[in-house]
Amino acid sequence: KTVYFTRSNYVDGKYKKDTLGINRLKLFKAKVGSNNEWTDIKPLPFNNDNYSCGHPTLSEDQKTLYFVSDMPGSIGKTDIFKVSVNSDGTYGKPQNLGPVINTVGKEMFPYIDGNDELYFSTDGRADGLGMLDIYMSKLLPEGPSEPIHLGDNINSDKDDFAFIISKDKREGYFSSNRSKGKGDDDIY
């Protein structure tokens, strides 16, 4: 009955820009009503007009929200962060996942499956095939494991991103702008 989503910094009919004239992304939370309408839409407290927050995904127990940002403390262009979702509806302090996951490049499109696996895309790793590639890291009590490249069955020399997978069937979807697609970004 709760949804987290990304939206441009457009609130109450006002389109906001930062000091450089850029409209940043923000994270929002909404309740899903009985008719599946989204109500009580609220921005998350760590949003800021001077950096972006986006691409939310929840841990299976719904106690940790993962997202992408270029907030202060980022290692690269965009990093993956996590924040505690408290039972009283408040949030902890966002924490950068650190250099095991984040690079000087762009980390984007995190997804947590029910097996404590973090899937994400990055253009900052030496073993990538080009542009954004999809990786997987196990979320262990001591921290995330070294990311594993999903190989050339999934990745291409173009952008490969937005990977989701069923924890039970081990089947899923991803997006790519690889050659011979039907459009710019296609779902595979």
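Residues numbered from 1 in each chain as written. Predicted model: local features only at pLDDT ≥ 70, side-chain atom pairs only at ≥ 80, totals over all residues. Heavy atoms only, no water.

1. So, the overall build of the protein chain
Which entries qualify depends on this criterion: Runs of E in the DSSP output that reach at least two residues are strands. Runs of H or I that reach at least four are helices, and both are numbered from the N terminus. We compute the radius of gyration over the C-alpha atoms and compare it with the globule rule, which gives 2.2 Å times the number of residues raised to the power 0.38. Note on contacts: a residue pair is in contact if any heavy atoms of the two residues lie within 4.5 Å. Exposure was quantified through the Shrake-Rupley algorithm and a 1.4 Å probe, taking into account, for residues, occlusion by the shown protein chains and nothing else.
A count of helical and extended segments in the protein chain gives zero helices and 17 strands. Relative to the compact-globule value of 16 Å for 188 residues, the protein chain shows a C-alpha radius of gyration of 17 Å, a close match. With the C-alpha coordinates aligned to their principal axes, the bounding extent of the protein chain is approximately 45 × 40 × 35 Å. In the protein chain, the share of contacts with a sequence separation of at least 24, taken over all contacts with a separation of at least 6, comes to 35%. A total accessible area of about 10,600 Å² is found for the protein chain, and carbon and sulfur atoms account for 49% of it.

2. Overview of the nonpolar core
Operational definition: The set of buried Ala, Val, Leu, Ile, Met, Phe, Trp, Tyr and Cys residues whose side-chain atoms join them within 4.5 Å is what this entry labels a nonpolar core. Buried residues are those whose accessible area, probed at 1.4 Å on protein chains only, stays under 20% of the maximum for their type, while exposed residues exceed 50% and partly exposed ones sit between those limits.
By size, the foremost hydrophobic cluster in this structure holds 13 residues, and its most contacted members are Leu 44, Phe 46, Cys 53, Leu 65, Phe 67 and Tyr 91. Elements that contribute at least two residues to this core include exactly β7 (64-69) and β8 (79-84). Those residues in contact with Leu 65 that lie beyond four places of it in its chain are Tyr 4, Leu 44, Phe 46, Pro 56, Thr 57, Leu 58, Phe 81, Lys 82, Val 83 and Val 85. Tyr 66, Val 68, Ile 80 and Ile 101 belong to the second-largest nonpolar core, a separate cluster that totals 10 residues.

3. Side note on a nonpolar patch on the surface
Here is the rule we go by: Each patch is assembled from residues with relative accessible area greater than 30% and no salt bridge, linking like charges that lie within 9 Å and nonpolar side chains (Val, Leu, Ile, Met, Phe, Trp, Tyr) that lie within 5 Å. Salt bridges, as used here, are contacts in which a Lys or Arg side-chain nitrogen is within 4 Å of a carboxyl oxygen on Asp or Glu.
The grouping of Ile 164, Tyr 173 and Ile 187 at the surface amounts to a nonpolar patch, some 340 Å² of accessible area in total. Ile 164 gets classed as partly exposed once you look at its relative accessible area, which sits at 38%.

4. Focus: the environment of Val 68
Looking at the element boundaries, Val 68 is found in strand β7. C-alpha of Val 68 to C-alpha of Lys 82: the two residues are 14 residues apart in sequence and 8.7 Å apart in space. Contacts of Val 68, omitting those with residues within four sequence positions, involve Ser 52, Cys 53, Gly 54, His 55, Thr 78, Asp 79, Ile 80, Glu 107, Met 108, Phe 109 and Pro 110.

5. Here's the deal with the sheet that holds strand β1 (residues 2-8)
For clarity, the cut-off: Being paired, for any two strands, means DSSP has found at least two bridges between them. All axes here are fitted lines through C-alpha atoms, helices being fitted over the stretch that makes contact, and every angle between N-to-C directions spans 0 to 180 degrees.
One open sheet accounts for three strands, arranged β1-β4-β5; its pairing is antiparallel. With one partner strand each, in any of the chains shown, β1 and β5 (38-43) form the two edges of the open sheet. Neighbouring strand axes in the sheet, compared pairwise and without regard to direction, differ in orientation by 30° on average. Here four bridges tie strand β4 (residues 25-32) to β5, and the two strands are oriented antiparallel to one another. Paired with Val 32 across the two strands is Trp 38, which belongs to β5.

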